[in-house]
Amino acid sequence: MYIIQVASECAPVIKAGGLGDVIYGLSRELELRGHCVEIVLPMYDCMRYDQIWGIHDAYQDLWVPWHGGAIHCSVYCGWVHGRLCFFIEPHSGDNFFHRGHYYGALDDHMRFAFFSKAAIEFIHRSNKRPDIIHCHDWQTGLIPVMLYEMYKFHGMANQRVIYTIHNFKHQGIAGANILWATGLNNDAYYYQYDKLQDNFNPGAINFMKAGIVYANYVNTVSPHHAWEARFSDISCGLGHTLEMHQHKFGGILNGLDYEVWNPAKDQCIPAHYTVETFAEKAKNKKALRERLLLKDCDKPLICFIGRLDDQKGVHLVHHSIYYSLGQDCQFVLLGSATDGQINNWFWHEKQHLNNNPDAHLELGFNEELSRLIYAGADMIVVPSNYEPCGLTQMIGLRYGTVPIVRGVGGLVNTVFDWDYDQEHTPEERNGFVFYQPDAQALESALSRAIALYKNQPQTFQQLAIQGMECDYSWKNPGEQYASVYEYVRHK
Ligand code: ADP
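The structure contained in this document is the topic of the report that follows. Keep in mind the model is a prediction, meaning the values are calculated, not measured.

### Side note on helix H15 (residues 439-455)
For H15, built from 17 residues, the straight-helix expectation of 24 Å at 1.5 Å per residue is met to within 8% by its first-to-last C-alpha distance of 23 Å. All of the buried residues in H15 are Ala 441, Leu 442, Ala 445, Leu 446, Arg 448, Ala 449, Ile 450, Leu 452 and Tyr 453.

Following this line, the structure appears as structure tokens:
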């Protein structure tokens with residue numbers, strides 16, 4: 001099959017979080033299975049150009065209809081670690097992708113509506129006729145609408161769309177001006193409950209709802225989160241829409257790229273290791289301590305890596321730092337916050353803990369350091385409020401770092417409690433799970449993990465090795481996506 005991924009991220013050239021990893025890993029897996037995959041992305045000024053090989057002009061004269069006129073765009077093409085990517089650069093005073101950051105501008109709706117329009121116009125003009133256009137998150141939710149309401153009548157009647165929701169929190173809620181800008185125009189037609197109208201704000205359209213209504217198949221990124229999305233308030237108002245489209249909605253667990261995340265080869269860690277050479281992991285712990293000026297001792301080292309955001313349970317992240325220190329452990333945090341208050345809070349904590357030989361807080365985005373932490377830490381905490389899939393626990397497992405997670409979303413599908421899990425054999429268990437979003441619940445799981453580390457080190461090591469033996473690669477999810485593509489292709 002010929003598949004085009006359209007997304008706002010692709011690791012490592014554009015990565016703000018897990019979405020970037022998923023676009024890269026899924027595309028690689030599909031190519032290994034013999035499919036032809038191309039990726040269409042915005043050309044941001046702040047992306048990592050050093051990660052693109054052989055960039056060149058692919059299409060110079062793309063005129064994207066916009067607000068009744070047209071914006072001239074250039075499309076560049078290059079390889080990102082073997083994946084063929086197309087980058088769209090508009091030449092207009094709006095400077096849509098020259099903002100110094102990927103997200104968070106006041107006109108994000110316009111920026112990504114434009115990207116969606118430009119992506120489908122590019123596919124159309126360059127005579128690409130993929131079997132599947134795979135769109136991701138709110139940024140590309142309008143693509144299936146444009147395909148089925150406009151482009152279908154211009155030679156694109158055979159294309160099918162898959163829409164994957166990575167995070168329900170950001171849905172893209174905007175006004176009618178988006179319809180006029182993209183040429184969809186007919187607002188009376190789109191402002192209907194069964195079309196694009198937001199379920200709670202009748203004066204607005206909802207990009208994510210548009211994707212759900214128009215795509216041939218919709219999924220979120222784990223089976224448990226798909227269940228939560230339909231039967232709890234986690235889908236932020238889209239539950240009824242999912243119910244109406246349940247026949248084409250499901251959950252497919254994200255994979256992890258086992259080539260990119262591999263402790264036996266990782267270029268950013270000093271000591272490589274596998275299940276057989278697990279003892280080498282200790283050298284990475286030593287290197288991590290040296291790098292962060294932590295005391296060399298026999299305490300367990302616990303970490304958190306991720307966005308410092310309400311979603312990630314920042315209060316519990318904060319609590320886990322002090323609880324771990326109180327239990328005679330070391331703690332390393334690597335995180336970045338876009339919210340000013342959360343950012344100030346953690347900068348304050350960083351200063352507070354500055355001279356503590358058992359704690360280090362690194363605030364910012366640092367892929368290289370993240371790898372050394374995954375390899376050097378003994379445990380990783382993931383106390384999320386909600387978690388569509390979560391990659392950090394999977395990376396932790398891959399690196400023999402025992403996850404301590406809250407039982408929500410994809411964490412339920414990937415981490416099985418050492419003491420209490422009823423559905424998996426003791427050999428399949430790989431971490432610690434708590435459920436209530438409060439300090440006591442977190443403490444109960446953390447204290448069990450710490451006690452096992454201190455009192456039964458051999459058993460703890462066995463648990464870490466069992467985690468490394470889990471298979472969360474793209475093998476199974478790749479197969480599932482391929483069969484979904486095959487299914488919708490013939491519809
Ligand atoms: P989300 O997509 O919600 O941010 P995921 O757990 O799905 O969370 O994916 C997070 C990805 O981003 C992982 O690859 C993780 O290692 C990486 N990451 C998150 N924060 C940082 C950071 N501050 N520095 C480096 N990598 C980070």
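### Some points on the pattern of salt bridges
Within this structure, the stated rule accounts for 29 salt bridges. Of the charged contacts, one joins Asp 309 and Lys 169 as a salt bridge, the two residues approaching to 3.9 Å between their closest N and O atoms. Highlighted residues: Asp 309 in the loop between strand E12 (301-307) and helix H10 (314-326) and Lys 169 in the loop between strand E7 (160-165) and strand E8 (173-174), separated in sequence by 140 residues. By relative accessible area, which is 39% here, Lys 169 ends up partly exposed.

### With respect to the sheet that holds strand E16 (residues 402-406)
Spatially, the 6 strands line up as an open sheet ordered E14-E13-E12-E15-E16-E17, and their pairing is parallel. Across the chains shown, the open sheet's two edge strands, defined by having one partner strand only, are strand E14 (359-363) and strand E17 (432-434). Across the sheet, the axes of successive neighbouring strands diverge by a mean angle of 15°, strand direction being ignored. Where strand E15 (residues 379-382) lies against E16, 4 bridges are found, and the strand directions are parallel. Looking at E16, one finds that Val 381 is bridged to Ile 404. Contacting E12, strand E13 (330-336) and E14, helix H9 (residues 281-292) runs over the sheet at an angle of about 70° to E12. Each of E13 and E14 is contacted by helix H11 (residues 340-352), which is oriented at about 145° to E14, the strand it contacts most.

### Details of the side chain of Arg 398
By the element assignment, Arg 398 lies in helix H13 (residues 392-398). Within polar-contact distance, the side chain of Arg 398 engages the backbone oxygen of Tyr 258 at 2.8 Å. In contact with Arg 398, other than residues within four places in its own chain, are Leu 256, Tyr 258, Trp 261, Asn 262, Pro 263 and Met 468.

### Side note on the packing of H10 against H11
At a minimum axis separation of 12 Å, H10 and H11 run at an interaxial angle of 5°. In terms of orientation, H10 and H11 fall into the roughly parallel class. The segment H10 lies against H11, with Val 314, His 315, Val 317, His 318, Ile 321 and Tyr 322 engaging Ile 342, Trp 345, Phe 346, Glu 349 and His 352. Each residue belonging to the contact of H10 with H11 can be placed in one class, and the counts come to 7 nonpolar, 3 polar and 1 charged.

### Some points on the sheet that holds strand E10 (residues 217-220)
Ordered by their spatial adjacency, 9 strands build an open sheet running E3-E4-E5-E2-E1-E6-E7-E10-E11, and the pairing between neighbours is mixed. Sheet topology places strand E3 (53-66) and strand E11 (249-251) at the edges, where each strand pairs with a single neighbour. Across the sheet, the mean angle from the axis of one strand to that of its neighbour is 25°, orientation sign disregarded. Pairing geometry for strand E6 (residues 132-136) and E7, over 5 bridges, is parallel. Bridge pairing in E7 places His 134 opposite Ile 162. Across the sheet, helix H1 (residues 18-32) touches strand E1 (2-6), strand E2 (36-42), strand E4 (69-80), strand E5 (83-91) and E6, and the angle it forms with E2 is around 160°.

### Digging into the site of the ligand
The immediate surroundings of the ligand are formed by 22 residues, with Gly 18, Arg 307, Gly 364, Tyr 374 and Leu 391 found nearest. The separation between a nitrogen atom of the ligand and a polar main-chain atom of Gly 364 is 2.8 Å. Residue Thr 392 places a main-chain N or O atom 3.5 Å away from an oxygen atom belonging to the ligand. Within the shell around the ligand, the residues separate by chemical class into 6 nonpolar, 11 polar and 5 charged.

### A short note on the environment of Gly 203
If you trace the backbone, Gly 203 turns up in the loop between helix H5 (187-190) and strand E9 (205-206). For the pair Gly 203 and Gly 175, spaced 28 residues apart in the sequence, the C-alpha separation amounts to 7.0 Å.

### Quick look at helix H6 (residues 207-214)
Along an α-helix, residues three or four positions apart point the same way, because every turn accommodates 3.6 residues. With 8 of 8 residues buried, H6 lies mostly within the body of the structure. Of the positions making up H6, those classed as buried are Phe 207, Met 208, Lys 209, Ala 210, Gly 211, Ile 212, Val 213 and Tyr 214. For H6, the side-chain oxygen to backbone nitrogen distance between the N-cap and Met 208 is 2.9 Å, and the N-cap itself is Asn 206.

### What about the nonpolar core?
Grouped together as the largest cluster of nonpolar side chains are 82 residues, with contacts concentrated most on Val 6, Val 40, Met 47, Phe 87, Ile 88, Leu 142 and Leu 196. Among the elements that take part in this core, helix H2 (residues 108-125) stands out by supplying 10 residues, more than any other. Setting aside residues no more than four positions away along its own chain, Ile 88 makes contact with Val 40, Leu 41, Pro 42, Met 43, Cys 73, Ser 74, Val 75, Phe 97, Phe 115, Ala 118, Ala 119 and Phe 122.

### A few points about the packing of aromatic side chains
Enumeration according to the criterion identifies 23 aromatic pairs in this entry. Pairing Trp 66 with Phe 114 gives two aromatic rings, centres 5.1 Å apart and planes at 90°, and the pair type is edge-to-face. Within this pair, whereas Trp 66 is found in strand E3, its partner Phe 114 is found in helix H2, the two being separated by 48 residues in sequence. Each of the two residues, Trp 66 as well as Phe 114, counts as buried. Centroid distance Trp 261 to Tyr 399: 6.4 Å. Interplanar angle 75°. Geometry classified as edge-to-face. Within this pair, whereas Trp 261 is found in the loop between E11 and H9, its partner Tyr 399 is found in the loop between H13 and E16, the two being separated by 138 residues in sequence. Both residues of the pair, Trp 261 and Tyr 399, belong to the buried class. What links up through ring pairs into an aromatic cluster is the set Tyr 44, Trp 66, Phe 96, Phe 97, Tyr 102, Tyr 103, Phe 112, Phe 114, Phe 115, Trp 138 and Phe 207. The ring of Tyr 193 carries the charged tip of Lys 209 above its face, separated from the ring centre by 4.3 Å. Above the plane of the ring of Tyr 258 lies Arg 398, whose end atom (NZ or CZ) is 3.9 Å from the centre.

Cut-off values and rules
- Residues numbered from 1 in each chain as written.
- Predicted model: local features only at pLDDT ≥ 70, side-chain atom pairs only at ≥ 80, totals over all residues.
- Heavy atoms only, no water.
- Helix = DSSP H or I, 4+ residues; strand = E, 2+ residues; numbered from the N terminus.
- Expected span 1.5 Å × (residues − 1).
- Buried < 20%, exposed > 50% of the residue type's maximum accessible area, 1.4 Å probe, protein only.
- Salt bridge = Lys/Arg side-chain N within 4 Å of Asp/Glu carboxyl O.
- Pairing = 2+ DSSP bridges.
- Axes fitted to C-alpha atoms, helices over the stretch in contact; angles between N-to-C directions.
- Contact = heavy atoms within 4.5 Å.
- Polar contact = N/O pair within 3.5 Å; in protein donor to acceptor, adjacent residues only side chain to side chain.
- Parallel < 35°, antiparallel > 145°, perpendicular 65-115°, else oblique.
- Nonpolar A, V, L, I, M, F, W, Y, C, P; charged D, E, K, R; others polar.
- Near = heavy atom within 4 Å.
- Core = buried A, V, L, I, M, F, W, Y, C linked by side-chain atoms within 4.5 Å.
- Phe/Tyr/Trp six-rings, centres within 6.5 Å; stacked < 30°, edge-to-face > 60°.
- Lys NZ or Arg CZ within 6 Å of the ring centre and 35° of its normal.

Shape is all these values report; function is a separate question.
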